Amino acid sequence: MWLVAGLGNPGREYANNRHNVGFAVVDLLADRTRVRFGRHRRAVADVAEARLGVGIDAPAVVLAKPMTYMNLSGGPVAALAAFYKIPPERIIAVHDELDLPFGTLRTKIGGGEGGHNGARSISQSLSTKDYHRVRFGIGRPPGRQDPADYVLSDFNSTERKELDYLVDRAADIVESIIQHGLEHTQNTFHAGP
């Protein structure tokens, strides 16, 4: 079983923010697998249990949206990992990434959090950095705009034209990690669109 945690902030006012792109990716994965989210009884998170593919050998996946704010994402992720007995190497966190240009998608396991407070919270709560990350590039803020304000702003009209394609590709990356492993996924998706 795998745990895929899309990171974001709860509430309608945040729904289209750059910071909520992780929610968009797990929402798409739920649509693909025809499952619906419900509140988990032991974690502050909305979850949906699914299988990627058909048949008894299809990988089981728990899709999750922590319902704490971004900076506290680690508590729900750790609680779900404990509840489902999922080790860190089978956890995938999907989040926005300021340090990657808009439209760049990268995946890795372990390493630093690059200043991302949601990823830092997960690392602290799991007591390890050895989980997968799907990093969705949103680029740096223009001019002197505060990064905190930038991540909490909506994608602009130019970005929105590409957003559905990029969310779809990020969901493909998540599925590839689960079905084919990290190295295959990096070789396939890091070459470019």
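Residues numbered from 1 in each chain as written. Predicted model: local features only at pLDDT ≥ 70, side-chain atom pairs only at ≥ 80, totals over all residues. Heavy atoms only, no water.

### Focus on helix α6 (residues 182–189)
Right, so step 1: Along α6, the positions that sit buried rather than exposed are L182, T185 and F189. All buried residues of α6 project into a common sector of 65 degrees when viewed along the axis, lining one side. Seen from the buried face of α6, the exposed residues on the opposite side, beyond 90 degrees, are E183 and N187.
Right, so step 2: Tucked inside the fold, the buried residues of α6 contact β6 (105–109), β7 (132–137) and α5 (157–180). (Buried < 20%, exposed > 50% of the residue type's maximum accessible area, 1.4 Å probe, protein only. Helix = DSSP H or I, 4+ residues; strand = E, 2+ residues; numbered from the N terminus. Arc of directions from axis to C-beta. Contact = heavy atoms within 4.5 Å.)

### Quick look at the packing of aromatic side chains
Right, so step 1: A full pass over the atoms with the stated rule returns 3 aromatic pairs.
Right, so step 2: Sitting over the face of the ring of Y131, R133 holds its NZ or CZ atom 4.2 Å from the ring centroid. (Phe/Tyr/Trp six-rings, centres within 6.5 Å; stacked < 30°, edge-to-face > 60°. Lys NZ or Arg CZ within 6 Å of the ring centre and 35° of its normal.)

### Quick word on the side chain of N9
Right, so step 1: As for its placement among the helices and strands, N9 is situated in the loop between β1 (2–6) and α1 (21–33).
Right, so step 2: Residue N9 is classed as buried on the basis of its relative accessible area of 5%.
Right, so step 3: Apart from residues lying up to four places away in sequence, N9 is in contact with Y14, H19, N20, F23, Y69, M70 and L152.

### A look at α1
Right, so step 1: In this model α1 runs 19 Å from its N-terminal to its C-terminal C-alpha over 13 residues, within 8% of the 18 Å that 1.5 Å per residue would give.
Right, so step 2: Buried within α1 are the following residues: V21, G22, F23, V25, V26, L29, A30 and T33.
Right, so step 3: In this structure, the buried side of α1 is in contact with β1, β3 (45–51), β4 (60–66), β5 (91–97), β7 and α5.
Right, so step 4: At the exit of α1 stands R34, carrying a positive phi of roughly 60 degrees. (Expected span 1.5 Å × (residues − 1).)

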